[in-house]
Amino acid sequence: MEKQISALRATAHPVRLRILSLLTNTAMSAAEVARELEISHASASYHLRTLLDVGELVEAGEEKIRGGVAKRYRYPHEHGGLPTAGPKPTREEFTAYLKALHREVERRSQLPRTGKVGYSSDIEGWVPPAIYQEAAALISQASQLLHDHNAAPRTKGTIHISATLTAFTLDGGS
């Protein structure tokens, strides 16, 4: 029997990270995903199936296309934060996810920008637990706000953005 892949490990792929972003608050077919990401239909279908299998995507209906039926998928971001389906991720899987996320941020940083960076911050430090919990809640709130209002690509009245929000506690210090 094939080893079950964790949802976190499944998302640790640049194309699948882009698919999750693309399908946040909107549903698309494999053909639409392929066109938007400029990948083959077969590749889009493969990555969609992988994400569906680990519970990171849900089917969001069907549409008739040229006598056939195309499934539509969406990312149910409502569960919030890191992927939660499947077995608990290992440290290595979490690291792979963060590396893929970093590569995706690098890719986005090379895209044309219309203005200055809105906000960027980094810290490795020591804070009281209550302060960390408050900051994590605010990060979660900001993420939820953006996810809730994400629209289909190039929707009138929208701007193309990038936001990457990650916070986690560490066991020690070095």
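Up top you'll find the structure we're talking about.
Residues numbered from 1 in each chain as written. Predicted model: local features only at pLDDT ≥ 70, side-chain atom pairs only at ≥ 80, totals over all residues. Heavy atoms only, no water.

Asker: If you had to explain the pairing of strand β3 (residues 68-74) to someone new, which residues and values would you point to?
Answerer: Strand direction decides the pairing type here: strand β1 (residues 28-29) and β3, joined by two bridges, are antiparallel. Within the sheet, the bridge partner assigned to S29 lies in β3 and is R72. The loop that links strand β2 (residues 58-65) with its antiparallel partner β3 comprises two residues; one of these, R66, has a positive phi angle of about 45 degrees. (Pairing = 2+ DSSP bridges. Helix = DSSP H or I, 4+ residues; strand = E, 2+ residues; numbered from the N terminus.)

Asker: Could you give me a rundown of the nonpolar core, with the residues and numbers involved?
Answerer: The biggest cluster of nonpolar side chains holds 16 residues, and the ones touching the most others in it are I19, L23, V33, L37, L48 and L57. What L57 contacts, discounting residues up to four positions off in sequence, is I19, L20, L23, L48, L51, L52, Y73, R74, Y75 and P76. Counting six residues, the second-largest nonpolar core is a separate cluster that includes L8, A12, Y97 and A100. (Core = buried A, V, L, I, M, F, W, Y, C linked by side-chain atoms within 4.5 Å. Buried < 20%, exposed > 50% of the residue type's maximum accessible area, 1.4 Å probe, protein only. Contact = heavy atoms within 4.5 Å.)

Asker: Explain helix α5 (residues 91-109) residue by residue, including any values.
Answerer: With 19 residues, α5 ought to run about 27 Å at 1.5 Å a step, and its terminal C-alpha atoms sit 27 Å apart, in line with that. Within α5, burial applies to E93, Y97, A100, L101, E104 and R108. Angular distribution of buried residues about the axis of α5 spans 100 degrees; they occupy a single face of the element. Exposed side chains of α5 directed beyond 90 degrees from the buried face belong to R91, E92 and K99. Along its buried surface, α5 packs onto α1 (7-11) and α2 (14-22). (Expected span 1.5 Å × (residues − 1). Arc of directions from axis to C-beta.)

These results come straight from atomic positions and should not be treated as a statement about function.
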